[in-house]
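Chain by chain, the residues run as shown.
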Amino acid sequence: MNDNDITEGIYVKRRKSSLGMGSTSKECVLETHWLPLKVENGLVELMLVTENLERLMGIKEKVSVDALNAEYSIQDNSRDTYLKLKDTIK
């Protein structure tokens, strides 16, 4: 897999979490947004994007291509945002 195989867009990772403790605990779904930077040796390097999709947070994560496909989904209509953010890191 190369850079062209990764969709040009923002990826969303959703995970369940809980807030509070005991009987007041509430389950919620947390969403984080990620910009794919590069693919190398079967790993995708991602950078965290702010919730409003305006800027990069500087936090990076490497995941396998299989994990990217299983745990992340592409945000609809995010190609323009992806290209804008990608230009800021060149």
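The following paragraphs examine the structure supplied in this document. (Residues numbered from 1 in each chain as written. Predicted model: local features only at pLDDT ≥ 70, side-chain atom pairs only at ≥ 80, totals over all residues. Heavy atoms only, no water.)

1. Overview of the overall build of the protein
Here is step 1: Regarding its fold elements, the protein presents two helices and five strands.
Here is step 2: In sequence order, the secondary structure elements of the protein are arranged as β-β-β-β-α-β-α.
Here is step 3: Each of the 90 residues in the protein was classed as buried or not, and the buried ones make up 33%.
Here is step 4: Taking contacts inside the protein between residues at least 6 apart in sequence as the whole, the part at least 24 apart equals 45%.
Here is step 5: Accessible surface, the protein as shown: approximately 6,200 Å² in total, 45% of it carbon and sulfur.
Here is step 6: The average position of the 13 basic charges and that of the 15 acidic charges among the side chains of the protein differ by 5 Å. (Helix = DSSP H or I, 4+ residues; strand = E, 2+ residues; numbered from the N terminus. Buried < 20%, exposed > 50% of the residue type's maximum accessible area, 1.4 Å probe, protein only. Contact = heavy atoms within 4.5 Å. Areas by Shrake-Rupley, 256 points an atom, 1.4 Å probe, with all protein chains shown as cover. Lys, Arg positive; Asp, Glu negative; His and termini not counted. Charge placed at Lys NZ, Arg CZ, Asp CG, Glu CD.)

2. Description of unusual backbone geometry
Here is step 1: We note that Asn41 has phi near 55°; this positive angle belongs to a residue other than glycine.
Here is step 2: Considering the arrangement of structural elements, one finds Asn41 in the loop between strand S2 (26–40) and strand S3 (43–49).
Here is step 3: Of note, the phi angle at Leu53 is positive, near 60°, even though the residue is not glycine.
Here is step 4: Of note, Leu53 is situated in the loop between S3 and strand S4 (56–64).

3. Focus on the sheet that holds S3
Note on sheets: strands pair through backbone hydrogen bonds, and any given pair is parallel or antiparallel.
Here is step 1: Spatially, S4-S3-S2-S1-S5 is the arrangement adopted by the five strands of the open sheet, whose pairing is antiparallel. Every interior strand has two partners, whereas the edge strands, S4 and strand S5 (72–74), have only one. On average, adjacent strands in this sheet sit at an angle of 40° to one another, irrespective of strand direction. (Pairing = 2+ DSSP bridges. Axes fitted to C-alpha atoms, helices over the stretch in contact; angles between N-to-C directions.)

4. Notes on the pairing of strand S1 (residues 11–19)
Note on strand geometry: in a regular strand, side chains alternate between the two faces of the sheet.
Here is step 1: Taken together, the nine bridges between S1 and S2 define a ladder with antiparallel strand orientation. Across the sheet, Leu19 pairs through a bridge with Lys26, a residue of S2.
Here is step 2: Connecting S1 to the antiparallel partner S2 that follows it, the hairpin turn spans six residues, and Gly20 within it adopts a positive phi of roughly 85°.
Here is step 3: Two strands pair when backbone bridges link them, and S1 and S5 are joined in this way by three bridges, in the antiparallel orientation.

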